[in-house]
Amino acid sequence: MSASAVHSLWTTAADPISKIEAPKIEYAQLSPTLIVIGAAIVGILVEAFVPRKSRYYVQMFVSVVALAAAFAAVVGLATRGYGTTKAGIAAMGAIAVDGPALFLQGTILLAGLVGLFTFAERRLDPEAHGNRVDSFAAQAASVPGSDSEKAAVRAGFTTTEVFPLLLFAISGMLVFPSANDLLTLFVALEVFSLPLYLLCALARRKRLLSQEAAVKYFLLGAFASAFTLFGIALLYGYAGSVSYGTIAQVVDGTVKNVDPALADTMGNDVLLLIGAAMIVMGLLFKVGAVPFHMWTPDVYQGAPTPVTGFMAAATKVAAFGALLRLLYVVLPGLRWDWRPVMMGVAVVTMLGGAVVAITQTDIKRLLAYSSIAHAGFILAGVIAMTPDGVSSVLFYLGAYSFVTIGAFAVVTLVRDAGGEATHLSKWAGLGRRSPLVAAVFAVFLLAFAGIPLTSGFAGKFAVFKAAAEGGAGALVVVGVISSAIAAFFYIRVIVLMFFSEPRPDGPTVAVPSPLTMTAIGVGVAVTLVLGVAPQYFLDLANQAGVFVR
Amino acid sequence: MDNLIALLVAAPLLGAAVLLCGGRRLDAVGHWIGTALAASSFVIGVVLFADMLGKNAEHRTLTQFLYSWIPVGGFQADVAFQLDQLSMTFVLLITGVGSLIHVYSIGYMEHDERRRRFFGYLNLFLAAMLLLVLADNYLLLYVGWEGVGLASYLLIGFWQHKPSAATAAKKAFLVNRVGDMGLSIAIMLMFTTFGTFTFGPVFEAAGGASEGKLTAIALMLLLAACGKSAQVPLQSWLGDAMEGPTPVSALIHAATMVTAGVYLIVRSADIFNAAPDAQLVVTVVGAVTLLFGAIVGCAKDDIKKALAGSTMSQIGYMILAAGLGPIGYVFAIMHLVTHGFFKAGLFLGAGSVMHGMNDEVDMRKYGGLRTYMPITFVTFGLGYLAIIGFPGLSGFFSKDKIIEAAFAKGGTEGWILGGVALLGAAITAFYMTRVMLMTFFGEKRWQPDENGHEPHPHESPKVMTIPMIVLAFGSVFAGGFFSIGDRFLNWLEPVTGHSHGNPPVSALTVTLSTMVVLVIGVAAAYAQYGRRPVPVVAPRGSLLTRAARRDLLQDDFNHVVLVRGGEHLTRSLVYVDHTLVDGVVNGTAASMGGLSGRLRKLQNGYARSYAVSMFGGAAILIAATLLMRAV
């Protein structure tokens, strides 16, 4: 940077204060996020002031009301046309309120609500000293196996902080796909990531595994965030702005000089390409695409299962939303550069997820690899670069998230003395002992495999169709091949459940409270409705498929 | 009037639904409901016929559109009916003979617990058969075609407690599947060739299509006809189908359903006319079958199986005539109608004999029955005279015309076909006289069965004899009524067309030769079975006799060629599947598993190596992005 540029920077920063205007905030359009953040803060206060005995109920109440109200706000905004005709950019250019944003926010809120039910489940773990407990550690700060842990268990403590943590994570996820500048994007990324790292560490059983998972997730997540942040810096250097709209214009060449202080670097395509690749890499880490997927199996396995279910569903929705906006709003002018690269990523993600899943013996790791393969399928829709691509991805995300939460909720039910029995060999013959649970799980597996009459088929069909029409036919071929590979291990679990002899020391299926039943029921209902009559939701996703610029 | 057409089908269909779904409550009245609905269909048919007669020949075709069945883009299938002179003929035959056989069955099935179900199936058959002949497109015809196949299957196996009946039903069903495949392939070919399968447009377009395609379609239609009409090589099921109750044999396996193949060929006249090679095959099939059936008929001691052979042979005549083209179409249908009368009458007579003889079917255990059952004897006898072509009776007119038409084909073909038809007439006279003599003449040969019950032959009740009498009237007068003044020819010609061909010999010569071979046939049979006593236990017989008793080894042939061949084929396919296909599949699966196991090792649990892989990934991502710009 030359001396004159530095001087110019200084002088810009030293401009008279009178130029600063009060920011104009469209509270109504931001209300979904604001409600959730507000409720999260209330949740913290609840932890501070409400007696331990009643915290669980108060937190439940606050969270459910907040999520329902936020969802109502999203629906209200959508019905008033903020998703289509009145779509616009709010909060001084920081947040976009448009169709994809509202669709994804609605999906995240519903998934969050269903996830909340699995968080609040207190009937599965045996009572500890007369207290009903959930899947979370009695006291997170106590060292595993120590006296203080035993004391906490004896006292019947539960970590009700998970509720505000969940709300914070959801608030970050709500902002992530609607962020309209790179800094907001980064802040939202951290806002939803940090609570998730914490939640992963909070398992009541197998605490060391859980904490290991959390540390790995945190370290690798921080590593990925660093890439993203560096990428943001490079893009700023290229465009002189962090605003999506401005960067897009600079990429197109319609705007030349945004900031005279950056005249030296502006328009340097190397900065653009490297910066864009690094930001995209951060997002690919969050969606779990190969080769940034390595955290997924370890974290999915170690984290408390309700957290895994929520994380697998909602993180994917938020991160794919952000990726869509980045690629469709900021970098469409660069598509000839990133499309082939993303195709490569999609191919290795689909094949890698499907192939490695074959030899998994733990149901949670199996589902983790399955989620990697699904990330590849969704990427195929992203790469289409057509309006159909957007709507197919939106539909897929909605369909996938409920199946995932439902499937992990079923995993919480199958238990033996050591807690959840996640080793596949223990699932042998489950269909003989608990036909209903096994049948429900089979429905979810069939949906993952993309068998017709399930939501998985409708979603896969939509993204593959969009990809084929968008000129990515090769991707569809790979997608179908990896679907075939993936079908093997899904069906193998079904065969194991229904056609194997049950083991004498096999697990029992716990009877859950209505909370988990609701989560599973919603999963089955969405799977079947979107599978049998997907048209209404496809239309909805179609209407919501236009980004505001 | 147009709107009445659907009622023709609806009435028996309603009957089938009511009888089959109604349950035991209807056991007492079921047969009356079934008969009434069959008769009402006949009445509607007569009304439509009267209306049709009142119109000019050009305006006689009625159509009725019910609804659009499968509208998919260029693929349009309607449920629509077409009633012209050809369909009308069939409607009257089906509902008329059908109603008579319903009445007959009231008596014949009196002691059967499942009589209501039987009438339900009969009504189902009528509905399907009417749908078959009334459809205005091949796809709807196919529905009727399959429907009659189903009804036939259900009725052959009606006495399912007998393993032989169940096996026979299965055999009929399986053999018919082969023919049905032919029809479905023909429909597919039509759709690819003409873009439609509605009669009118297909026949209009038939002239413009290539002869190769038309021949393919025509041969597939012929395959279908062979299945349904028991023509060589798909003839093997008809003899076993006699396991069904005798009214079924009369209605379905003599008078109506087995003639569906003839209907199909005559209906598709425009296609066959444009495919002379296929027509030649049709005549060959007809000629071979008419000899085949006749020879089998000579050797059978089971009265129904002898009649079944005869049916096969007579349908062979019709197929032969249909294969002759415009020379023969009208006579094929005329013989079909007269055959419907006399063969149904013969079967009902056989049923009446069995009714009086404790269900004995072996003619060697009959003898001298004419005094015990005079009405049966007279009606059966008139049917017999009709089928052998006794001058003045129905068969005389219709069969004679076919023989004439075969000669009129011209050339060597004409001589061969005519000669075969003439030979067939001689054999017909032989085996029918044999049946007649063994059943009604000579000494009584019945003996007490193993339980000591001696049969007491008696005349059947009126409800059975009246339909036989009505059919006997048809057997005597129908042919003459049709032929005098060329009534039938003028009636049907607008639909099928007609030409006289170029007969090498005069009609009188043909008639006289027919008379001569008739006398020879009858005399030979009399010498064999009239002048000498008939042995109760069948003699060993010549090689040909033994082969004919085994249906000319049709089942042995099928077993060796089709069953064994099929077994070998499947075995080799299974071998290929196990070694080659499974090898590839399992190999792929194993290699995937191996790959998976190796990739899995990358997941070693160390955050540091995960970070390295991310870093490497990021480096590749960036490098690839830059590379894309560079190239």
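Small disclaimer: the values here were computed from a predicted structure and weren't measured. (Residues numbered from 1 in each chain as written. Chains lettered and ligands numbered in written order. Predicted model: local features only at pLDDT ≥ 70, side-chain atom pairs only at ≥ 80, totals over all residues. Heavy atoms only, no water.)

### Topic: the interface of chain B and chain A
Reasoning step 1: Contacts between the two partners involve 25 residues from chain B and, on the opposite side, 37 residues from chain A.
Reasoning step 2: On the chain B side of the interface with chain A, the three residues burying the most area are B:Met614, B:Leu621 and B:Arg629, jointly 25% of the side's total.
Reasoning step 3: Here chain B and chain A share two salt bridges between them.
Reasoning step 4: Where chain B packs against chain A, one counts 12 residue pairs in polar contact (both at pLDDT 80 or more).
Reasoning step 5: Those elements that provide at least two residues to the side of chain B that touches chain A are α23 (554-602) and α24 (607-630) of chain B.
Reasoning step 6: Considering only residue class, the side of chain B that touches chain A consists of 15 nonpolar, eight polar and two charged. (Contact = heavy atoms within 4.5 Å. Buried area = accessible area lost by both parts, 1.4 Å probe. Salt bridge = Lys/Arg side-chain N within 4 Å of Asp/Glu carboxyl O. Polar contact = N/O pair within 3.5 Å; in protein donor to acceptor, adjacent residues only side chain to side chain. Helix = DSSP H or I, 4+ residues; strand = E, 2+ residues; numbered from the N terminus. Nonpolar A, V, L, I, M, F, W, Y, C, P; charged D, E, K, R; others polar.)

### Points about the sheet that holds strand β4 (residues 419-420) of chain A
All names here are of chain A.
Reasoning step 1: One open sheet holds the three strands; their spatial order is β4-β3-β5, and the pairing between them is antiparallel. The open sheet is flanked by β4 and β5 (508-509), the only strands paired with a single partner.
Reasoning step 2: The pairing of strand β3 (residues 414-416) with β4 spans two bridges and is classified as antiparallel. Note that in β4 the partner of Arg415 across the bridge is Glu420.
Reasoning step 3: Together, β3, β4 and β5 form the strand contacts of helix α15 (residues 387-413), whose direction differs from that of β3 by roughly 25°. (Pairing = 2+ DSSP bridges. Axes fitted to C-alpha atoms, helices over the stretch in contact; angles between N-to-C directions.)

### Quick word on the nonpolar core
Reasoning step 1: Counting residues in each nonpolar core, the largest one holds 201 residues, and the members touching the most others are A:Phe176, A:Leu284 and A:Phe441.
Reasoning step 2: In terms of residues, this core owes the most to one element, helix α12 (residues 305-330) of chain A, which gives 18 residues.
Reasoning step 3: Leaving out residues up to four positions away in the same chain, A:Leu284 has contacts with A:Ala289, A:Phe292, A:Leu323, A:Met342, A:Val345, A:Leu379 and B:Leu621. (Core = buried A, V, L, I, M, F, W, Y, C linked by side-chain atoms within 4.5 Å. Buried < 20%, exposed > 50% of the residue type's maximum accessible area, 1.4 Å probe, protein only.)

### Thoughts on the packing of helix α14 (residues 363-383) of chain A against α15(A)
Residues and elements named next belong to chain A.
Reasoning step 1: Packing of α14 against α15 brings their axes to within 10 Å, and their N-to-C directions diverge by 175°. Judged by the angle between their axes, α14 and α15 are roughly antiparallel. Of α15, the residues touching α14 (which contributes Ile363, Lys364, Leu367, Ser371, His374, Phe377, Ile378, Gly381 and Val382) are Gly389, Ser392, Val393, Tyr396, Leu397, Tyr400, Ala407, Phe408 and Val411.
Reasoning step 2: Residues belonging to the contact of α14 with α15 are distributed by class as follows: 12 nonpolar, five polar and one charged. (Parallel < 35°, antiparallel > 145°, perpendicular 65-115°, else oblique.)

### A few points about the packing of helix α13 (residues 335-357) of chain A against α24(B)
Reasoning step 1: Following both chains from N to C, one finds α13(A) and α24(B) inclined at 140°, their axes separated by 8 Å at the closest point. Judged by the angle between their axes, α13(A) and α24(B) are oblique. Helix-helix and strand crossings are classified by hand; for α13(A) and α24(B) the assignment is right-handed. Taking contact as the criterion, the partners of A:Trp336, A:Asp337, A:Pro340, A:Val341 and A:Val345 in α13(A) are, on α24(B), B:Leu621, B:Ala624, B:Thr625, B:Met628 and B:Arg629.
Reasoning step 2: Of the residues in the contact of α13(A) with α24(B), the class split is seven nonpolar, one polar and two charged. (Left-handed = near helix turned anticlockwise from the far one by under 90°.)

### Quick look at a nonpolar patch on the surface
Residues and elements named next belong to chain B.
Reasoning step 1: On the surface, Ile375, Ile466, Ile469, Val470, Phe473 and Phe477 cluster together into a nonpolar patch covering about 530 Å² of accessible area.
Reasoning step 2: With respect to the secondary-structure elements, Ile469 resides in helix α19 (residues 462-483).
Reasoning step 3: Residue class for Ile469 comes out partly exposed when judged on its relative accessible area of 33%. (Patch = residues over 30% accessible without salt bridge, like charges linked within 9 Å, V, L, I, M, F, W, Y side chains within 5 Å. Areas by Shrake-Rupley, 256 points an atom, 1.4 Å probe, with all protein chains shown as cover.)

### Quick word on the side chain of B:Gln231
Residues and elements named next belong to chain B.
Reasoning step 1: In this structure, Gln231 sits in the loop between α8 (211-229) and α9 (237-240).
Reasoning step 2: Using a relative accessible area of 0% as the deciding quantity, one classes Gln231 as buried.
Reasoning step 3: Of the polar contacts made by the side chain of Gln231, one reaches the side chain of Thr289; its length is 3.2 Å.
Reasoning step 4: Filtering out sequence-adjacent residues up to four positions away, Gln231 remains in contact with Cys226, Val285, Gly286, Thr289, Met312, Ile315, Gly316 and Ile319.

### Thoughts on the confidence of the model for chain B
Reasoning step 1: For chain B, per-residue confidence averages 90 on the pLDDT scale, and residues scoring 70 or more make up 100% of the total.
Reasoning step 2: Complex prediction metrics read pTM 0.66 and ipTM 0.90. (pLDDT = per-residue confidence, 0-100.)

### Some thoughts on the pairing of strand β1 (residues 62-72) of chain B
Residue and element names in this part refer to chain B.
Reasoning step 1: Sheet topology places β1 next to strand β2 (residues 75-83); nine bridges connect them, and they run antiparallel. Within β2, the position partnered with Ile70 by the bridge is Ala77.
Reasoning step 2: Between the antiparallel neighbours β1 and β2 lie two residues, among them Gly73 with a positive phi of about 55°.

### Focus on empty space enclosed by the protein
Reasoning step 1: Evaluation of the coordinates by the stated rule reveals 11 cavities of 30 Å³ or more.
Reasoning step 2: Every residue lining the largest cavity is listed: A:Leu273, A:Ala276, A:Ala277, A:Val280, A:Leu327, A:Leu331, A:Leu334, A:Trp338, A:Val341, A:Met342, B:Leu621 and B:Thr625.
Reasoning step 3: Per-element accounting of the lining of the largest cavity gives the leading share, four residues, to helix α10 (residues 269-287) of chain A.
Reasoning step 4: If you add up the space inside the second largest cavity, you get close to 80 Å³.
Reasoning step 5: In this structure, the second largest cavity is lined by A:His374, A:Tyr396, A:Ala399, A:Tyr400, A:Val403, A:Ala447, A:Phe448, A:Ser455, A:Gly456 and A:Gly459. (1 Å grid on protein atoms, 1.4 Å probe; cavity = no way out; pocket = protein on both sides within 12 Å on 5 of 7 lines; lining within 4 Å. Points joined across faces, edges and corners; volume = space filled by probe spheres on them.)

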